[in-house]
Amino acid sequence: MTHCIAIHSYKGGTGKTTIAANAAALLVMMGKRVAILDLDVYAPSLHNYFKINPKKWINDFLDNNADIDEAIVDLTDTHLPQLREKSHSEGRLFTGFSNPSRDAIFKFEMGNGTDYWKKQFRKLVFLREQIITKLDTDFIIIDTSPGIRHWSINALSIADKLILTMKMDDLDIEGTKKLLFEIYTTFVRFGAISYILLNRVSGYCIPGTTMDSGMEKNQDHRMVLEELHKETGANSLTPLPCYCDIQFSPREFLTVINNPTHPFSLKLKNIINEMINNQ
Ligand SMILES: Nc1ncnc2c1ncn2[C@@H]1O[C@H](COP(=O)(O)OP(=O)(O)O)[C@@H](O)[C@H]1O
Ligand SMILES: [Mg+2]
(Lines give C-alpha, C1' and ligand atoms only; values in the text may rest on other atoms or scores of the structure.)
(Ligands and ions follow the chains in the order given, each with its own letter.)
Protein backbone atom coordinates (compact mmCIF):
# COMPACT_ATOMS: atom_id res chain seq x y z
CA MET A 1 0.00 0.00 0.00
CA THR A 2 1.21 3.49 -0.84
CA HIS A 3 1.15 6.00 2.01
CA CYS A 4 0.21 9.41 0.69
CA ILE A 5 1.33 12.12 3.12
CA ALA A 6 0.52 15.84 2.72
CA ILE A 7 2.47 18.47 4.68
CA HIS A 8 0.29 21.50 5.29
CA SER A 9 0.03 24.50 7.64
CA TYR A 10 -2.07 27.53 8.41
CA LYS A 11 0.72 30.04 7.83
CA GLY A 12 3.70 30.03 5.49
CA GLY A 13 7.23 29.54 6.79
CA THR A 14 6.42 26.73 9.21
CA GLY A 15 8.84 24.30 7.53
CA LYS A 16 6.56 22.41 5.12
CA THR A 17 9.04 22.28 2.23
CA THR A 18 12.01 21.57 4.51
CA ILE A 19 10.17 18.69 6.16
CA ALA A 20 8.69 17.31 2.91
CA ALA A 21 12.04 17.28 1.06
CA ASN A 22 14.04 15.86 3.97
CA ALA A 23 11.38 13.27 4.84
CA ALA A 24 11.32 12.08 1.21
CA ALA A 25 15.13 11.79 1.11
CA LEU A 26 15.16 9.93 4.45
CA LEU A 27 12.60 7.42 3.20
CA VAL A 28 14.70 6.81 0.06
CA MET A 29 17.72 6.23 2.30
CA MET A 30 15.57 3.66 4.12
CA GLY A 31 15.16 1.81 0.79
CA LYS A 32 11.68 3.11 -0.13
CA ARG A 33 10.30 4.16 -3.50
CA VAL A 34 9.15 7.74 -2.94
CA ALA A 35 7.47 10.39 -5.10
CA ILE A 36 7.62 13.97 -3.87
CA LEU A 37 5.15 16.44 -5.39
CA ASP A 38 5.29 20.21 -5.16
CA LEU A 39 1.64 21.19 -4.87
CA ASP A 40 2.45 24.55 -3.31
CA VAL A 41 1.19 25.78 -6.67
CA TYR A 42 0.90 29.45 -5.67
CA ALA A 43 4.52 29.70 -4.46
CA PRO A 44 6.50 26.69 -5.68
CA SER A 45 9.99 26.26 -4.25
CA LEU A 46 10.81 22.55 -4.11
CA HIS A 47 12.81 22.59 -7.37
CA ASN A 48 15.38 24.81 -5.62
CA TYR A 49 16.30 21.95 -3.30
CA PHE A 50 17.20 19.81 -6.29
CA LYS A 51 18.80 22.61 -8.32
CA ILE A 52 16.74 21.56 -11.29
CA ASN A 53 14.97 23.34 -14.12
CA PRO A 54 12.44 20.70 -15.24
CA LYS A 55 11.43 20.31 -18.88
CA LYS A 56 7.87 19.49 -17.85
CA TRP A 57 5.92 20.42 -14.74
CA ILE A 58 2.96 18.97 -12.87
CA ASN A 59 1.06 21.84 -14.51
CA ASP A 60 1.74 20.25 -17.93
CA PHE A 61 0.31 16.93 -16.73
CA LEU A 62 -2.81 18.67 -15.37
CA ASP A 63 -3.22 20.48 -18.71
CA ASN A 64 -2.74 17.30 -20.80
CA ASN A 65 0.61 18.55 -22.12
CA ALA A 66 2.75 15.85 -20.52
CA ASP A 67 2.59 12.18 -19.66
CA ILE A 68 3.39 10.82 -16.25
CA ASP A 69 6.97 9.86 -17.21
CA GLU A 70 7.64 13.41 -18.43
CA ALA A 71 6.08 15.22 -15.46
CA ILE A 72 7.37 12.87 -12.75
CA VAL A 73 11.11 12.31 -13.06
CA ASP A 74 13.41 9.91 -11.24
CA LEU A 75 16.30 12.02 -9.88
CA THR A 76 17.98 9.34 -7.78
CA ASP A 77 20.91 8.69 -10.10
CA THR A 78 21.23 11.94 -12.00
CA HIS A 79 20.82 14.62 -9.36
CA LEU A 80 21.34 12.92 -6.05
CA PRO A 81 24.38 10.67 -6.29
CA GLN A 82 24.97 11.13 -2.53
CA LEU A 83 21.46 9.79 -1.94
CA ARG A 84 22.24 6.77 -4.09
CA GLU A 85 25.41 6.03 -2.11
CA LYS A 86 23.56 6.22 1.16
CA SER A 87 20.42 4.37 0.14
CA HIS A 88 19.61 0.74 -0.15
CA SER A 89 19.67 -0.24 -3.80
CA GLU A 90 15.86 -0.26 -4.07
CA GLY A 91 15.42 3.32 -2.81
CA ARG A 92 14.24 5.76 -5.52
CA LEU A 93 13.19 9.38 -5.53
CA PHE A 94 10.63 10.49 -8.12
CA THR A 95 9.92 14.20 -8.30
CA GLY A 96 7.13 16.37 -9.68
CA PHE A 97 7.58 20.13 -9.60
CA SER A 98 5.16 23.01 -9.89
CA ASN A 99 5.82 25.74 -12.43
CA PRO A 100 6.88 28.95 -10.63
CA SER A 101 6.23 31.26 -13.61
CA ARG A 102 3.81 34.13 -13.13
CA ASP A 103 1.47 32.86 -15.87
CA ALA A 104 1.31 29.35 -14.41
CA ILE A 105 0.44 30.66 -10.95
CA PHE A 106 -2.11 33.08 -12.38
CA LYS A 107 -3.80 30.21 -14.21
CA PHE A 108 -4.49 28.44 -10.91
CA GLU A 109 -5.87 31.64 -9.39
CA MET A 110 -8.13 32.33 -12.39
CA GLY A 111 -9.33 28.73 -12.66
CA ASN A 112 -10.87 28.68 -9.19
CA GLY A 113 -14.53 27.69 -9.20
CA THR A 114 -14.66 27.05 -12.96
CA ASP A 115 -14.92 23.90 -15.06
CA TYR A 116 -11.20 24.23 -15.75
CA TRP A 117 -10.58 23.86 -12.02
CA LYS A 118 -12.78 20.74 -11.81
CA LYS A 119 -10.96 19.17 -14.77
CA GLN A 120 -7.60 19.89 -13.18
CA PHE A 121 -8.72 18.32 -9.92
CA ARG A 122 -9.76 15.13 -11.73
CA LYS A 123 -6.35 15.08 -13.41
CA LEU A 124 -4.73 15.42 -9.99
CA VAL A 125 -6.58 12.31 -8.77
CA PHE A 126 -5.40 10.57 -11.96
CA LEU A 127 -1.82 11.71 -11.28
CA ARG A 128 -1.91 10.03 -7.87
CA GLU A 129 -3.32 6.85 -9.39
CA GLN A 130 -0.67 6.78 -12.14
CA ILE A 131 2.17 7.35 -9.65
CA ILE A 132 0.96 4.42 -7.56
CA THR A 133 0.36 2.00 -10.44
CA LYS A 134 3.19 2.92 -12.81
CA LEU A 135 5.95 3.83 -10.36
CA ASP A 136 4.98 1.35 -7.66
CA THR A 137 5.71 3.85 -4.90
CA ASP A 138 5.72 3.13 -1.17
CA PHE A 139 5.23 6.81 -0.33
CA ILE A 140 3.92 9.96 -1.97
CA ILE A 141 4.95 13.11 -0.10
CA ILE A 142 3.08 16.29 -0.97
CA ASP A 143 4.24 19.83 -0.22
CA THR A 144 1.16 22.09 -0.11
CA SER A 145 0.11 25.74 -0.08
CA PRO A 146 -0.66 27.11 3.38
CA GLY A 147 -4.17 27.98 4.54
CA ILE A 148 -7.57 27.24 3.06
CA ARG A 149 -7.04 27.92 -0.62
CA HIS A 150 -8.48 25.79 -3.43
CA TRP A 151 -5.23 23.98 -4.13
CA SER A 152 -4.41 23.46 -0.45
CA ILE A 153 -7.67 21.55 -0.17
CA ASN A 154 -7.05 19.67 -3.43
CA ALA A 155 -3.66 18.51 -2.18
CA LEU A 156 -5.11 17.37 1.16
CA SER A 157 -7.94 15.54 -0.63
CA ILE A 158 -5.60 13.07 -2.30
CA ALA A 159 -3.63 12.27 0.89
CA ASP A 160 -4.39 9.72 3.58
CA LYS A 161 -2.06 11.18 6.19
CA LEU A 162 -2.04 14.90 6.91
CA ILE A 163 0.73 16.63 8.79
CA LEU A 164 -0.14 20.09 10.01
CA THR A 165 3.08 21.92 10.79
CA MET A 166 2.97 24.93 13.10
CA LYS A 167 5.22 27.24 15.06
CA MET A 168 4.77 28.34 18.66
CA ASP A 169 3.10 31.66 18.01
CA ASP A 170 -0.41 32.70 18.96
CA LEU A 171 -1.57 33.48 15.42
CA ASP A 172 -0.39 30.12 14.19
CA ILE A 173 -1.99 28.28 17.12
CA GLU A 174 -5.35 29.98 16.52
CA GLY A 175 -5.13 29.40 12.75
CA THR A 176 -4.25 25.75 13.27
CA LYS A 177 -7.31 25.28 15.50
CA LYS A 178 -9.45 26.87 12.80
CA LEU A 179 -8.05 24.48 10.17
CA LEU A 180 -8.62 21.49 12.45
CA PHE A 181 -12.24 22.47 13.11
CA GLU A 182 -13.22 23.69 9.67
CA ILE A 183 -11.28 21.45 7.29
CA TYR A 184 -9.62 18.49 8.92
CA THR A 185 -12.74 17.11 10.61
CA THR A 186 -14.15 16.31 7.15
CA PHE A 187 -10.98 14.56 5.97
CA VAL A 188 -10.72 12.62 9.23
CA ARG A 189 -14.39 11.59 9.01
CA PHE A 190 -13.61 10.04 5.62
CA GLY A 191 -10.59 8.08 6.86
CA ALA A 192 -7.55 10.39 6.78
CA ILE A 193 -5.26 10.48 9.80
CA SER A 194 -4.05 13.91 10.90
CA TYR A 195 -1.10 14.94 13.05
CA ILE A 196 0.17 18.24 14.38
CA LEU A 197 3.91 18.77 14.04
CA LEU A 198 5.27 21.64 16.07
CA ASN A 199 8.39 22.85 14.24
CA ARG A 200 11.17 25.27 15.12
CA VAL A 201 10.51 25.09 18.85
CA SER A 202 13.21 26.70 20.97
CA GLY A 203 15.59 24.29 22.60
CA TYR A 204 18.70 23.79 20.51
CA CYS A 205 20.14 27.27 20.18
CA ILE A 206 18.97 28.83 23.43
CA PRO A 207 21.06 27.68 26.38
CA GLY A 208 19.11 26.20 29.27
CA THR A 209 16.06 25.21 27.26
CA THR A 210 17.20 21.97 25.68
CA MET A 211 14.44 19.75 24.35
CA ASP A 212 15.19 16.98 26.78
CA SER A 213 15.74 19.02 29.91
CA GLY A 214 12.06 19.53 30.74
CA MET A 215 12.66 23.26 31.22
CA GLU A 216 10.05 25.97 30.97
CA LYS A 217 9.91 26.24 27.16
CA ASN A 218 9.46 22.53 26.86
CA GLN A 219 6.46 22.75 29.18
CA ASP A 220 5.04 25.54 27.01
CA HIS A 221 4.83 23.46 23.88
CA ARG A 222 3.50 20.43 25.76
CA MET A 223 0.70 22.62 27.11
CA VAL A 224 -0.13 23.93 23.64
CA LEU A 225 -0.30 20.42 22.18
CA GLU A 226 -2.41 19.16 25.10
CA GLU A 227 -4.79 22.08 24.68
CA LEU A 228 -5.08 21.43 20.93
CA HIS A 229 -5.73 17.75 21.61
CA LYS A 230 -8.39 18.56 24.21
CA GLU A 231 -10.16 21.07 21.99
CA THR A 232 -9.89 19.32 18.63
CA GLY A 233 -8.92 15.68 19.31
CA ALA A 234 -5.81 16.15 17.13
CA ASN A 235 -2.79 13.99 17.88
CA SER A 236 0.73 15.33 17.66
CA LEU A 237 4.13 14.06 16.60
CA THR A 238 7.30 14.76 18.60
CA PRO A 239 8.18 18.48 18.12
CA LEU A 240 11.18 19.47 16.01
CA PRO A 241 13.55 22.04 17.52
CA CYS A 242 14.75 25.12 15.70
CA TYR A 243 18.34 24.69 14.53
CA CYS A 244 20.14 27.97 13.80
CA ASP A 245 22.48 26.42 11.24
CA ILE A 246 19.45 25.30 9.20
CA GLN A 247 17.50 28.51 9.70
CA PHE A 248 20.38 30.80 8.72
CA SER A 249 21.84 28.68 5.96
CA PRO A 250 22.08 30.91 2.85
CA ARG A 251 20.82 28.05 0.68
CA GLU A 252 18.20 25.38 1.32
CA PHE A 253 19.70 21.94 1.21
CA LEU A 254 18.87 18.40 2.22
CA THR A 255 20.26 18.17 5.74
CA VAL A 256 19.49 14.45 6.00
CA ILE A 257 21.84 13.73 3.08
CA ASN A 258 24.57 16.26 3.80
CA ASN A 259 24.55 15.72 7.53
CA PRO A 260 22.82 12.46 8.48
CA THR A 261 23.94 12.66 12.11
CA HIS A 262 22.63 16.21 12.62
CA PRO A 263 19.98 16.20 15.40
CA PHE A 264 17.44 17.43 12.80
CA SER A 265 18.06 14.30 10.69
CA LEU A 266 17.84 11.97 13.69
CA LYS A 267 14.68 13.59 15.06
CA LEU A 268 12.97 13.62 11.66
CA LYS A 269 13.74 9.93 11.24
CA ASN A 270 12.10 9.21 14.60
CA ILE A 271 9.07 11.30 13.63
CA ILE A 272 8.65 9.36 10.37
CA ASN A 273 8.86 6.04 12.19
CA GLU A 274 6.41 7.32 14.81
CA MET A 275 3.93 8.14 12.06
CA ILE A 276 4.40 4.98 9.98
CA ASN A 277 4.10 2.73 13.02
CA ASN A 278 0.99 4.50 14.28
CA GLN A 279 -1.53 3.22 11.73
N1 LIG B 1 13.56 22.80 12.36
C2 LIG B 1 14.05 23.88 11.76
N3 LIG B 1 15.09 24.57 12.31
C4 LIG B 1 15.59 25.67 11.73
N5 LIG B 1 15.13 26.20 10.60
C6 LIG B 1 14.10 25.58 10.00
C7 LIG B 1 13.52 24.39 10.54
N8 LIG B 1 12.49 24.02 9.71
C9 LIG B 1 12.46 24.92 8.71
N10 LIG B 1 13.42 25.87 8.88
C11 LIG B 1 13.72 27.05 8.06
O12 LIG B 1 12.55 27.86 8.07
C13 LIG B 1 12.40 28.52 6.81
C14 LIG B 1 11.01 28.25 6.26
O15 LIG B 1 10.93 26.86 5.97
P16 LIG B 1 10.14 26.32 4.71
O17 LIG B 1 10.33 24.86 4.70
O18 LIG B 1 10.48 27.07 3.49
O19 LIG B 1 8.65 26.68 5.17
P20 LIG B 1 7.29 26.61 4.32
O21 LIG B 1 7.51 25.63 3.22
O22 LIG B 1 6.27 26.15 5.32
O23 LIG B 1 7.01 27.99 3.85
C24 LIG B 1 13.52 28.01 5.91
O25 LIG B 1 14.55 28.96 5.91
C26 LIG B 1 13.98 26.72 6.59
O27 LIG B 1 15.34 26.45 6.36
MG1 LIG C 1 7.30 25.93 1.17
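Residues numbered from 1 in each chain as written. Chains lettered and ligands numbered in written order. Predicted model: local features only at pLDDT ≥ 70, side-chain atom pairs only at ≥ 80, totals over all residues. Heavy atoms only, no water.

(A) Quick peek at the overall build of the protein chain. Across its full length, the protein chain carries 13 helices and eight strands. For the protein chain, whose C-alpha radius of gyration is 18 Å, the value lies close to the compact-globule estimate of 19 Å for 279 residues. Along the first, second and third principal axes, the C-alpha set of the protein chain runs to 55 × 45 × 35 Å. Relative to its full complement of 279 residues, the protein chain shows a buried share of 53%. Once the 31 positive and 33 negative side-chain charges of the protein chain are each reduced to a mean point, those two points are 2 Å apart. (Helix = DSSP H or I, 4+ residues; strand = E, 2+ residues; numbered from the N terminus. Rg over C-alpha atoms; globule rule 2.2 N^0.38 Å. Buried < 20%, exposed > 50% of the residue type's maximum accessible area, 1.4 Å probe, protein only. Lys, Arg positive; Asp, Glu negative; His and termini not counted. Charge placed at Lys NZ, Arg CZ, Asp CG, Glu CD.)

(B) Quick peek at the site of ligand 1. Taken together, 16 residues surround ligand 1, and among them G13, K16, T17, T18 and Y243 come closest. The separation between an oxygen atom of ligand 1 and a polar main-chain atom of G15 is 3.0 Å. The separation between a nitrogen atom of ligand 1 and a polar main-chain atom of P241 is 2.9 Å. Of all the elements in the fold, those that place two or more residues in the shell around ligand 1 are helix 1 (16–29) and helix 11 (244–247). Broken down by element, the shell around ligand 1 gets its largest block of residues, three residues, from helix 1. Partitioned by chemical class, the residues of the shell around ligand 1 number five nonpolar, eight polar and three charged. (Near = heavy atom within 4 Å. Polar contact = N/O pair within 3.5 Å; in protein donor to acceptor, adjacent residues only side chain to side chain. Nonpolar A, V, L, I, M, F, W, Y, C, P; charged D, E, K, R; others polar.)

(C) Main features of the pairing of strand 7 (residues 193–198). Across the six residues that make up strand 7, a large majority, five, are buried. Taken together, the six bridges between strand 6 (residues 161–166) and strand 7 define a ladder with parallel strand orientation. Each bridged residue has a counterpart across the sheet, and for L162 the counterpart in strand 7 is S194. Between the parallel pair strand 6 and strand 7, the chain is carried across by helix 9 (residues 170–189), and the sense of this crossover is right-handed. In the sheet, strand 7 pairs with strand 8 (residues 235–236) via two bridges, with the strands oriented parallel. (Pairing = 2+ DSSP bridges. Right-handed = clockwise from strand over helix to strand, strands pointing away.)

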